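Letter by letter, the chains look like this.
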Amino acid sequence: MCTVVREVAIPFMDARLPAPAEGLYEVGRRPPLGEYLAEAWKRRTFAFTLASYRLIGGLLRNRLGVLWIVLKPLLMAILYGSVFSFILSGAARPDDFVPFLLVGIFIFEFFTGCFGSGAKAVTGNGKLVQSLGFPRILLPVSVVAEQAMRIVPVIVLLGILLVILGEPITWSWLLIVPVLGLMAMFNLGIALIFARLSVQARDVQQLIPVITRVLFYASGIFFSIDGALADYPTLLTFAQLIPTYEFIALSRDVLLESHSVSTLVWIAAPIWAVGTLFIGVVYFWQAEARYGLSD
């Protein structure tokens, strides 16, 4: 008896099969960084749409709506101003205490919003992460975009208050835009780092209020670090390298006539912004394939 053996073509071993569609990659595989960022850029509209919907949705739940964006930092300024105006004295208290305090609180609010919400960008959107395929970096980006939308009316109010308090309007005020741009880069880097850390260990989120409070005092929100540490040059240099202090100091430099910062601050702030963003992007991307698996 003669047995006839036929060749059977196995589809998945056929080298002639078409390659996956451009821009797509297997589930659970981390794409190359370049492709990953290119895909994120193509879908940037998703991040900004998510940011605007989240902002509007949050405001609609409150009766005062958009007013809370400016009322919250204003109330904080009134509270801290009322308390520390009686406590501070000497070199630690700037002559223009009220404008000094307003700029510090309003600018620091930008950081706290990005830091707190950015750390929950992935863990707080578990269903979205599990149900849709998109570069997860867009979630922290949407958080920073939302906070950037919030800071616009805050800066407008700040400008109005500074004029009322007697600060002259100068061309240097326009520099607040690049200063906040650098701060947004730094905020995004921090949001990316802590978003991944929060996925690996939810307990990290419990440390965020503590870190925020430490930076609040270390950044000289309501007192002059330069005056308080004038007799301690080494400690002053260390304090001037704190990134949140630098962005607040730069904001005071461009908005307040009686304040200026050292060259060190102008050099270190961009380095913090670019360096933190680079580290944050790479660190977040390295765990891209694992996001959503443990939620």
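Thresholds applied
Residues numbered from 1 in each chain as written. Predicted model: local features only at pLDDT ≥ 70, side-chain atom pairs only at ≥ 80, totals over all residues. Heavy atoms only, no water. Helix = DSSP H or I, 4+ residues; strand = E, 2+ residues; numbered from the N terminus. Contact = heavy atoms within 4.5 Å. Areas by Shrake-Rupley, 256 points an atom, 1.4 Å probe, with all protein chains shown as cover. Salt bridge = Lys/Arg side-chain N within 4 Å of Asp/Glu carboxyl O. pLDDT = per-residue confidence, 0-100. Axes fitted to C-alpha atoms, helices over the stretch in contact; angles between N-to-C directions. Parallel < 35°, antiparallel > 145°, perpendicular 65-115°, else oblique. Nonpolar A, V, L, I, M, F, W, Y, C, P; charged D, E, K, R; others polar. Phe/Tyr/Trp six-rings, centres within 6.5 Å; stacked < 30°, edge-to-face > 60°. Buried < 20%, exposed > 50% of the residue type's maximum accessible area, 1.4 Å probe, protein only. Lys NZ or Arg CZ within 6 Å of the ring centre and 35° of its normal.

## What about the overall build of the protein chain?
- Looking only at helices and strands, one finds 12 helices and 0 strands in the protein chain.
- In sequence order, the secondary structure elements of the protein chain are arranged as α-α-α-α-α-α-α-α-α-α-α-α.
- A sequence separation of at least 24 residues applies to 79% of the contacts in the protein chain between residues at least 6 apart.
- With an accessible surface of roughly 16,400 Å², the protein chain has 68% of that area assigned to carbon and sulfur atoms.

## What to know about the pattern of salt bridges
- Throughout the structure, instances matching the rule amount to 3 salt bridges.
- Of the charged contacts, one joins Arg43 and Glu39 as a salt bridge, the two residues approaching to 2.6 Å between their closest N and O atoms.
- Sharing partners across several salt bridges, the network here consists of Arg54, Glu146 and Arg150.

## So, the confidence of the model for the protein chain
- Chain-level statistics for the protein chain give a pLDDT mean of 82 and a share of 82% at 70 or above.
- Within the protein chain, the lowest mean pLDDT, 72, falls on helix H3 (residues 67-87), and the highest, 95, falls on helix H7 (residues 176-200).
- Here residues 1-25 is modelled with pLDDT under 50, and outside its nearest four sequence neighbours on either side it reaches 5 contacts, counting other chains as well.

## A word on the packing of H7 against helix H8 (residues 204-218)
- Look at H7 against H8: their axes get within 9 Å of each other, and the N-to-C directions meet at 140 degrees. Our classification of the angle between H7 and H8 gives oblique. In contact with Phe194, Leu197 and Ser198 of H7, H8 contributes Val204, Gln205 and Ile211.
- Its residues assigned to classes, the contact of H7 with H8 shows 4 nonpolar, 2 polar and no charged.

## Some details on the packing of aromatic side chains
- Within this structure, the stated rule accounts for 13 aromatic pairs.
- Each ring, one from Phe111 and one from Phe186, has its centre 6.2 Å from the other, and the planes form 25 degrees; the classification is stacked. You can see Phe111 sitting in helix H4 (residues 97-118) and its partner Phe186 sitting in helix H7, a full 75 residues away along the chain. Note on accessibility: Phe111 and Phe186 belong to one class, buried.
- Just above the ring of Trp41 sits the side chain of Arg44; from NZ or CZ to the centre is 4.0 Å.
- When the ring centre of Phe216 is taken as origin, the NZ or CZ atom of Arg213, which lies over that ring, is 5.3 Å away.

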